[in-house]
Amino acid sequence: MEDILAVDVSPAMLGAGLARHNAASPTSLSGNAPALRAWTGDIESVPTYQGPVDAVFFNSVFGNVHDQRGALDAASGLARPGGRVVLSHPLGRAWHGRLRAADPEAVPHALPDAGALDALIAGLPLRVVSLIDEADCYAAVLEVPPGFALPAPLLLEAPVVAGFGRGSRQLGTPTANLPPDQVVGAFGPAGPSLGVYFGWARLLDPDPEGSAPADAAPYPAVLNVGRRPTFEGQAGGDLTVEVHVLHRYAADFYGRPLRVAVGGFLRPERRFAGGVPALVAQIAADIGMARAALGGPEHAGLRGMVE
Ligand code: ADP
Ligand code: MG
C-alpha cells in the first residue's frame, strides 16, 4: 500500500475512516511501514515535515474550504516538485450546487470553473494540467512546478559577505551570502527565478588559521535566491543569494571566495504563514531533495565544476 495521510478537522470522521481501512487491511502505525495515518486539523495546519508528498487530494470537500487560496498555497508547499494537487467531486457540479443551495454556510463556495480556478491560483506555484467540469463529474488536476535541471549548469563565484546575521544560524542552517550583483548575471538576461536551487560548492581559499583540511573540499549545497518573504513580509526585501553548504566547517569564512555550480531548481520561493518553524521544516525537506537530486546520474559532472 501507499503512504497516505488523511486530513480532516473532524476526529470522528478520521476515526471512521481509519476503522474502515484497518478492518480491510490492518497496518502498523509504528515505525516507517507504509500506512494510513491521520492528521486532525485543516490542510494549513499540516506541518511541512509530513511532506513532501506525491499528491494532495481535496475530494468532495473543496467547496467547504473557507480560505481556498490559503488551502491551495499550503497544498502546493506539501507537494514535491512535480507533485499534483487534485480537486475532485465525483458527483459533479449539479449535485454540489444543490448541496450548496441547501446549506450555504457549510458550503461557502461553488466548485471553481476554468476562470475561477485561474484566478484562485494566480501567483501560487501551481498550473492547471486538466479540468473536467461536467454536471456529474468534477476534477481539476494542478501541478507544482517540477524540479528541473537547468539547460546547463551555472557557475557562481564571489567572496562571502555578511548577511543580516539574523536567523540562519539559529535556524541551524548558516548561509554564506554572496553579493547579488556579482552572481545574478550568471542566470542570464531574464535574471534568476526566485526560489531554492541545488548544486555543489567549494570554499576556494579557507583561512589557514582555524580551518580544517576538509574545509577546502567540494560539498553538496542548497542555494536560496530570493527576497526572504517569511521575514520581510509578503512584498519581500532586497534580493539575497545565500548558500548553505552541507558540511560542518571548522571556522567561518567571511571574505573568502566561494565557488558554486548550480545544477537545478527545487521549488519556488514562498512565504511560510507558519513562520520560522515552518521554514525550518521546509529547509530540512529541501536539503533531502537536494541530496536526492545530486545523487542522480544527470548531475554526475557537477562536482567536477567546483574542483
Ligand atoms: P549572515 O547573516 O552573516 O550570512 P549566517 O548566520 O547566515 O550569517 O551565517 C553565515 C556564515 O556562517 C557564512 O558566511 C560562513 O562564514 C559561516 N558558515 C559556517 N558553516 C557554514 C555552512 N555549512 N554553510 C554556509 N555558511 C557557513
Ligand atoms: Mg546568511
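Residues numbered from 1 in each chain as written. Chains lettered and ligands numbered in written order. Predicted model: local features only at pLDDT ≥ 70, side-chain atom pairs only at ≥ 80, totals over all residues. Heavy atoms only, no water.

Chemist: Quick one: what's the story with the overall build of the protein, residue by residue and with numbers?
Modeler: When its secondary structure is counted, the protein shows eight helices and 12 strands. Looking at the protein as a whole, 42% of its 307 residues qualify as buried. When contacts within the protein are restricted to residue pairs at least 6 apart in sequence, those whose partners lie at least 24 apart make up 72%. Roughly 15,300 Å² of accessible area belongs to the protein as shown, and the carbon and sulfur atoms make up 57% of that amount. Of the charged side chains in the protein, 22 are positive and 30 negative; the average position of the first set lies 2 Å away from that of the second. (Helix = DSSP H or I, 4+ residues; strand = E, 2+ residues; numbered from the N terminus. Buried < 20%, exposed > 50% of the residue type's maximum accessible area, 1.4 Å probe, protein only. Contact = heavy atoms within 4.5 Å. Areas by Shrake-Rupley, 256 points an atom, 1.4 Å probe, with all protein chains shown as cover. Lys, Arg positive; Asp, Glu negative; His and termini not counted. Charge placed at Lys NZ, Arg CZ, Asp CG, Glu CD.)

Chemist: Let's hear about the coordination of the magnesium ion (ligand 2): which residues, and what values?
Modeler: Coordination of the magnesium ion (ligand 2) by the protein involves T175 (O), T175 (OG1) and N177 (OD1), with metal-donor separations of 2.2 to 2.3 Å. Overall, the relative accessible area of 22% leaves T175 in the partly exposed class. (Donors = N, O, S within 2.8 Å, 3.2 Å for Na, K, Ca; no water.)

Chemist: Could you give an account of the site of ligand 1, naming the residues involved and the relevant values?
Modeler: The immediate surroundings of ligand 1 are formed by 19 residues, with G165, N177, V245, F253 and Y254 found nearest. Protein coverage of the free-state accessible area of ligand 1, which is 560 Å², stands at 95%. When residues in the shell around ligand 1 are grouped by element, the largest group, three residues, is from strand β11 (residues 240-245). Per-class residue counts for the shell around ligand 1 are 10 nonpolar, seven polar and two charged. (Near = heavy atom within 4 Å. Nonpolar A, V, L, I, M, F, W, Y, C, P; charged D, E, K, R; others polar.)

Chemist: Go over the sheet that holds strand β4 (residues 79-89) with me, naming the residues and quoting the values.
Modeler: Sheet architecture is open: four strands sit in the order β3-β4-β6-β5, paired in mixed fashion. Either end of the sheet is taken by a strand with one partner, and the two such strands are β3 (53-59) and β5 (127-134). On average, adjacent strands in this sheet sit at an angle of 10° to one another, irrespective of strand direction. As paired strands, β5 and strand β6 (residues 137-143) are joined by seven bridges and run antiparallel to one another. Note that in β6 the partner of I132 across the bridge is A139. Helix-sheet contacts for helix α4 (residues 114-121) involve β4, β5 and β6, and the interaxial angle to β5 is about 150°. (Pairing = 2+ DSSP bridges. Axes fitted to C-alpha atoms, helices over the stretch in contact; angles between N-to-C directions.)

Chemist: Would you mind going over unusual backbone geometry in detail, with residue names and values included?
Modeler: Across the junction of G51 and P52, the peptide omega takes the value -5°, indicating a cis bond. Along the chain, the position of P52 falls in the loop between β2 (36-40) and β3.

Chemist: Any details on a nonpolar patch on the surface? Residues and values, ideally.
Modeler: A cluster of nonpolar side chains, L91, W95 and L99, forms an exposed patch at the surface whose accessible area comes to about 250 Å². Along the chain, W95 turns up in helix α3 (residues 92-102). Residue class for W95 comes out partly exposed when judged on its relative accessible area of 35%. (Patch = residues over 30% accessible without salt bridge, like charges linked within 9 Å, V, L, I, M, F, W, Y side chains within 5 Å. Salt bridge = Lys/Arg side-chain N within 4 Å of Asp/Glu carboxyl O.)

Chemist: Mind laying out helix α2 (residues 68-78), listing which residues take part and the relevant values?
Modeler: Residues spaced three or four apart along an α-helix face the same direction, because each turn holds 3.6 residues. For α2, a buried count of nine out of 11 residues is recorded, marking the element as mostly surrounded by other parts of the structure. Those residues of α2 that sit buried are Q68, G70, A71, L72, A74, A75, S76, G77 and L78. Buried positions along α2 lie against β3, β4, α4, β6 and α7 (275-294).

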